[in-house]
Each structure stands twice: as structure tokens, then as C-alpha cells.
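Commentary on secondary and tertiary structure
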Amino acid sequence: MYETILYESVEGVAKITLNRPDKFNAFTERMHKEMLDVLKKVGKDPIVRCVVITGAGKAFNAGQDLAEVTEGDVDFGEFLRKRYNPLIMQLRQTPKPIIAAVNGVAAGAGMSLALACDLRLVSEKASFSNVFINIGLVPDSGGCYFLPRIVGIGKALELALTGEKISADEAYRIGLVNKVFPAVNFETEVMEYASRLAALPTTGMGLIKRAMYQGLTMSLEETLEYEAISQEIAGNTADHKEGVQAFFEKRTPVFTGK
């Protein structure tokens with residue numbers, strides 16, 4: 001069905017693999033279209049309760065395939081508006097937790113892709129580099145939005161201005177990533193982590209995701225009201241009722257994502 005990505009869904013976990021290993025999974029126009037298509041589908045699929053994005057081969061994603069932008073004049077603004085911006089907005093709007101399983105190099109827009117995901121689980125062999133400055137460009141694909149919010153403005157500016165490549169351990173130290181796993185069992189660790197998320201109340205997680213991101217740009221008063229609205233929705237779910245019942249019955253809840 002897809003040419004540049006692989007897709008599989010197992011027990012509530014949708015796994016999307018960027019599949020251009022010979023090009024370090026660099027973005028092309030087709031990859032953007034396929035990523036946007038599959039993300040829209042998993043967002044609507046009631047069976048999918050967690051999403052994992054990873055890369056085939058040795059890289060996660062090396063950013064834009066420059067072969068597509070070296071011939072003729074390129075309107076970079078329109079290029080971003082048509083290709084990258086819709087993808088990043090879809091990641092944000094998908095009401096399920098999205099994990100970036102960074103197995104190797106995440107550079108340029110590939111780093112931004114990882115930042116746009118909700119959680120970042122990385123292999124010890126992973127690395128991150130904000131390489132835009134090396135070709136005289138500005139971090140895009142949400143890089144100027146996510147990076148300072150995740151690591152702070154000072155470190156964000158350092159990484160963007162220098163293009164410095166950082167290791168998985170350094171990324172963890174500065175709070176850029178959530179977990180670092182040994183390369184030898186990286187995929188197993190990621191899928192186990194994703195499976196635990198997939199077993200939690202899906203609607204509740206979607207509401208948490210939306211409220212947290214909305215709270216980044218709202219006042220305290222606005223956030224309190226948004227929490228109240230979200231809690232009203234969550235309180236009417238079957239998973240909430242199951243959680244309360246399981247609490248009183250002193251058993252492990254069995255959530256259905258409804």
C-alpha cells in the first residue's frame with residue numbers, strides 16, 4: 001500500500017516505519033503524503049491506542065532529501081506549508097500518544113519530527129543534530145516551537161546555532177528524550193512500553209495530550225477552565241467507571257479505550 005513507509009498494527013499499537021534505509025529515511029514528497037495518510041487513519045481507528053514512529057536500518061530520519069530541492073528555485077516557505085506543516089499539525093492533533101522510537105540518526109527535520117512526537121524513546125546508538133545552520137537555514141517542522149519548550153531557550157539556541165551533534169546519553173541528560181535503551185533489545189523495549197500505554201484509558205490520554213499542549217499557550221484561568229471541560233468528558237467514559245470499580249474491588253482495571 002505504501003512505498004516509503006511500513007505499517008503494522010499489533011494489539012492496539014500502530015507501528016509506522018520510515019522505510020528508505022539507503023537514504024537514511026530522508027523525507028520525500030511521497031513520504032510526506034504517506035505519513036499524513038497513515039496518521040489520519042490511525043487517529044480514527046478505534047483499535048489503535050498508541051502509535052510508534054521509527055526508522056528502518058541505521059537511521060531514524062536524516063531530514064529532507066536534498067535531491068528534491070537542489071534543482072531550480074525553491075520557495076521554501078510554500079515548501080514547508082505544503083509538506084511539513086500539515087504533518088506536524090497532524091501529529092499534534094492525533095488524539096493518541098505518539099512515540100518517536102529513535103533508533104539512529106535524527107537530523108534536521110528528522111530531529112524536529114522526533115520533537116513533535118509526545119514521547120521519545122531512543123537507542124543508545126541514537127544521535128540528534130539540528131543541522132539547519134550548516135546550510136544557512138532555520139530550524140523548521142516545529143523545531144523552533146518544540147525544542148525551547150523541551151530543553152529551555154538557552155540550550156535550544158545552543159543546539160540550533162551550532163548544529164552540534166549530541167549523543168543519546170546527552171539528549172537524556174538535557175531532558176530531550178524520555179528513555180535510553182540498549183541497542184540490542186531496543187525494539188522489544190519500545191514495544192513493551194507502547195503496549196503499556198495501549199492498555200491505558202485512550203480517551204483520557206487524548207484529553208491529557210490536548211490539555212497539556214493547549215496549556216502551553218493559555219493563562220492559568222483558561223487552563224483551569226479547559227481542565228474542567230476535559231474532566232467532564234473523561235468522567236463520562238467507560239474507562240473512568242471501570243477504573244473506579246476496579247479500585248473498590250481491589251483489582252487491576254481492564255480498560256477498553258472507550
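Refer to the structure presented above.
In this report, the structure presented in the accompanying data block is examined.

Here is what the cut-offs are and how they apply
Residues numbered from 1 in each chain as written. Predicted model: local features only at pLDDT ≥ 70, side-chain atom pairs only at ≥ 80, totals over all residues. Heavy atoms only, no water. Pairing = 2+ DSSP bridges. Helix = DSSP H or I, 4+ residues; strand = E, 2+ residues; numbered from the N terminus. Axes fitted to C-alpha atoms, helices over the stretch in contact; angles between N-to-C directions. Phe/Tyr/Trp six-rings, centres within 6.5 Å; stacked < 30°, edge-to-face > 60°. Buried < 20%, exposed > 50% of the residue type's maximum accessible area, 1.4 Å probe, protein only. Lys NZ or Arg CZ within 6 Å of the ring centre and 35° of its normal. Parallel < 35°, antiparallel > 145°, perpendicular 65-115°, else oblique. Contact = heavy atoms within 4.5 Å. Patch = residues over 30% accessible without salt bridge, like charges linked within 9 Å, V, L, I, M, F, W, Y side chains within 5 Å. Areas by Shrake-Rupley, 256 points an atom, 1.4 Å probe, with all protein chains shown as cover. Salt bridge = Lys/Arg side-chain N within 4 Å of Asp/Glu carboxyl O.

**Overview of the sheet that holds strand 5 (residues 98-102)**
The 6 strands are arranged 1-2-3-5-7-10 in an open sheet whose pairing can be described as mixed. Looking at which strands have only one partner, the edges of the open sheet turn out to be strand 1 (5-10) and strand 10 (179-181). Along the sheet, successive strands turn relative to each other by an average axial angle of 20°, direction set aside. As defined by bridge partners, strand 3 (residues 50-55) adjoins strand 5 across 4 bridges and the pair is classed as parallel. Each bridged residue has a counterpart across the sheet, and for threonine 54 the counterpart in strand 5 is alanine 101.

**Some remarks on the packing of aromatic side chains**
The final tally for this structure, using the stated rule, is 4 aromatic pairs. Seen from their ring centres, phenylalanine 27 and tyrosine 84 are 5.3 Å apart, and the 80° between their planes marks the pair as edge-to-face. With a gap of 57 residues between them, phenylalanine 27 in the loop between strand 2 (13-18) and helix 1 (29-44) and tyrosine 84 in helix 2 (residues 76-93) connect regions that are remote in the sequence. Residue classification places tyrosine 84 among the buried residues on the basis of a relative accessible area of 3%. Taking 5.1 Å as the distance between ring centres and 85° as the angle between the ring planes, the aromatic pair formed by tyrosine 145 and phenylalanine 146 counts as edge-to-face. Phenylalanine 146 gets classed as buried once you look at its relative accessible area, which sits at 8%. Counting every residue linked through ring pairs, the aromatic cluster contains Phe27, Phe79 and Tyr84. The ring centre of tyrosine 213 lies 3.6 Å from the NZ or CZ of arginine 92, which sits over that ring.

**Focus on the sheet that holds strand 9 (residues 165-167)**
Spatially, the 4 strands line up as an open sheet ordered 4-6-8-9, and their pairing is mixed. Each end of this open sheet is capped by a strand with a single partner; those strands are strand 4 (59-61) and strand 9. Sheet twist, expressed as the mean angle between neighbouring strand axes with direction ignored, is 20°. Bridging between strand 6 (residues 105-107) and strand 8 (residues 127-129) involves 3 bridges; their strand directions are parallel.

**Here we look at the packing of helix 8 (residues 202-215) against helix 9 (residues 220-235)**
Here helix 8 crosses helix 9 at 175°, and the two axes come no closer than 10 Å. Between helix 8 and helix 9, the angle falls in the class roughly antiparallel. Side by side, helix 8 and helix 9 meet where Leu207, Arg210, Ala211, Gln214 and Gly215 of the first sit next to Thr223, Tyr226, Ser230, Ile233 and Ala234 of the second.

**A short note on a nonpolar patch on the surface**
On the surface, a cluster of nonpolar side chains totalling about 350 Å² of accessible area is made up of Leu66, Phe76, Ile135 and Leu137. Mapped onto the elements of the fold, phenylalanine 76 is located in helix 2.

**Focus: the environment of aspartate 45**
Position of aspartate 45 among the secondary structure elements: in the loop between helix 1 and strand 3. With relative accessibility at 26%, the residue aspartate 45 sits in the partly exposed group. The spatial distance from the C-alpha of aspartate 45 to the C-alpha of glycine 12 is 9.7 Å, given a sequence separation of 33 residues.

**Concerning the pattern of salt bridges**
What the rule picks out here adds up to 14 salt bridges. Glutamate 158 serves as the salt-bridge partner of lysine 155, at 3.2 Å between the closest nitrogen and oxygen. One end of the pair, lysine 155, and the other, glutamate 158, are both in helix 5 (residues 153-162), 3 residues apart, so they sit about a helical turn from each other. On the basis of relative accessible area, glutamate 158 is assigned to the partly exposed category, the value being 33%.

**What to know about the pairing of strand 5**
Counting buried positions along strand 5 gives 5 out of 5 residues, so the element sits mostly inside the fold. Judged by which residues are buried, strand 5 turns out to be covered on both faces: Ile98, Ala100 and Val102 on one side and Ile99 and Ala101 on the other are all buried. Bridge count for strand 5 against strand 7 (residues 119-123) is 4 bridges, and the pairing is parallel. Note that in strand 7 the partner of isoleucine 99 across the bridge is leucine 119.

Take it as geometry only, folks, not as evidence of what the structure does.
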